[in-house]
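So you can see what is in the structure, the chains are spelled out below.
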Amino acid sequence: MNANFRVVSLFFDYLYQHYSSLWYSQFMINYKLIFLLTLYILLLFSDSSYGAKSIRIYWENGSLMNETHYNGEKLGRVESCPDKMIFVSKGFFWTGEEGKLKNIVNESFCIDRTEVTQKKYKIKMEVNPSHNNGKNNPVENVSWFQAQQYCKSLNKRLPTEKEWEKAARSGSKTKYYWGNKINSLYLWYSHNSSYKSHPVALKKPNDYGLSDMLGNVYEWTDSWYSKDKKFRVLRGGSWANRKNSVRVSYRDRAGPSEKGSDIGFRCVKKINRINSAL
């Protein structure tokens, strides 16, 4: 049992055993508020730099809900998003080389758990433009315009560069979202890909549960690479990239009409705000 909840449980057991009176009955009327306040105090001391997990309580539609956190970063909440999408909370995250800079995403969002597959793309767009065919492989050889069109057809959109990096980092500050050394268990890149894409979700996901955020295929974002607005930002690297080009902070670019067998995408979707009870 989580230590925080164990302490709260003992606290209520103590009240029951020693104050089973009218005062206790009155106390229980407001037990929800007292429970939340007690838990909040415990949570002030629960997060640590050693990766301790914690729970934060929310009220939504009159019901208690919980969210798992990791070093202050909310993890994915599948129940808040459409099927096959992951919840990413708004707020600060570390960015840049080895997470030395701070950035912010102003709105929470849902993001596809995997890159859009050829099967899904063909069902919606009635065509598969990919070079490396495979129904569960990521669709590729699509322009920025085609990627955006697909997302909009599902009432979604392409992620901004900041949204993409917050989702990819999943609370990490390291070179890759699993650490500072390349690890083939997490991605397809030039060393292990045989220079082609592979079915999605065969590699280990990040801490949010997102697969192939690095490697396999580049992913289009909705952001411009620079102020001249000639190129859109590509993130994540691909099956053709070496280890230095699949770092989570690595940026690349392409014209919005360009296509390639190493360029794919995933979509994001806006969600309703969650009002914190604390």
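All values derive from a computational prediction rather than experimental measurement.

**Structural notes on helix H5 (residues 144-153)**
- Those residues of H5 lying buried are Trp144, Ala147, Gln148, Tyr150 and Cys151. The buried residues of H5 occupy one face: seen down the axis, they fall within an arc of 160°.
- In the core, the buried residues of H5 are packed alongside helix H4 (118-125), strand S8 (218-224) and strand S9 (232-235).

**A word on the packing of aromatic side chains**
- Scanning all chains against the criterion turns up nine aromatic pairs.
- Ring geometry for Tyr177 and Trp178: centres 5.1 Å apart, planes at 90°, overall edge-to-face.
- You can call Tyr177 buried: its relative accessible area is 6%.
- Linked through ring pairs, Tyr176, Tyr177, Trp178 and Tyr186 together constitute an aromatic cluster.

**Points about the pattern of salt bridges**
- Counting across every chain of the model gives seven salt bridges.
- A salt bridge links Arg169 to Glu165, with the shortest nitrogen-to-oxygen separation between them at 2.9 Å. With Arg169 and Glu165 both in helix H6 (residues 161-169) and four residues apart, the pair spans about one turn of that helix. The pair Arg169 / Glu165 is uniform in exposure class, with both members buried.
- Linking Arg266 and Glu219 is a salt bridge whose minimum nitrogen-to-oxygen distance equals 2.8 Å. Taken together, the residues Arg266 in the loop between strand S11 (263-264) and strand S12 (268-270) and Glu219 in strand S8 connect sequence positions 47 residues apart. Assigned by exposure class, Arg266 and Glu219 land together as buried.
- One continuous salt-bridge network, built from bridges that share partners, spans Glu161, Glu165, Arg169, Arg235 and Arg251.

**Re unusual backbone geometry**
- In this structure, Asn141 takes a positive phi of about 60° despite not being glycine.
- Mapped onto the secondary structure, Asn141 falls in the loop between H4 and H5.
- You will see that Ser170, though not glycine, has its phi angle at about 45°, which is positive.
- Looking at the element boundaries, Ser170 is found in the loop between H6 and S8.
- Using a relative accessible area of 2% as the deciding quantity, one classes Ser170 as buried.

**A closer look at the sheet that holds strand S4 (residues 85-88)**
- Pairing within the open sheet is antiparallel, and its three strands lie in the order S4-S7-S12. At either margin of the open sheet sits one strand with a lone partner, and together these are S4 and S12. Between one strand axis and the next, the sheet turns through 30° on average, direction left out of account.
- With four bridges connecting them, S4 and strand S7 (residues 109-112) associate as antiparallel partners.

**Details of the sheet that holds strand S10 (residues 251-254)**
- Within the open sheet, the four strands sit side by side as S10-S9-S8-S11. Their pairing is mixed. This sheet does not close on itself; its edge strands, each paired only once, are S10 and S11.
- One ladder, built from four bridges, connects S9 with S10; its direction is antiparallel. When the bridges of S10 are listed, Val233 appears paired with Arg253.
- Across the sheet, H5 touches S8 and S9, and the angle it forms with S8 is around 90°.

Scoring rules and cut-offs
- Residues numbered from 1 in each chain as written.
- Predicted model: local features only at pLDDT ≥ 70, side-chain atom pairs only at ≥ 80, totals over all residues.
- Heavy atoms only, no water.
- Buried < 20%, exposed > 50% of the residue type's maximum accessible area, 1.4 Å probe, protein only.
- Helix = DSSP H or I, 4+ residues; strand = E, 2+ residues; numbered from the N terminus.
- Arc of directions from axis to C-beta.
- Contact = heavy atoms within 4.5 Å.
- Phe/Tyr/Trp six-rings, centres within 6.5 Å; stacked < 30°, edge-to-face > 60°.
- Salt bridge = Lys/Arg side-chain N within 4 Å of Asp/Glu carboxyl O.
- Pairing = 2+ DSSP bridges.
- Axes fitted to C-alpha atoms, helices over the stretch in contact; angles between N-to-C directions.

Functional significance is not addressed by these values, which are geometric in nature.
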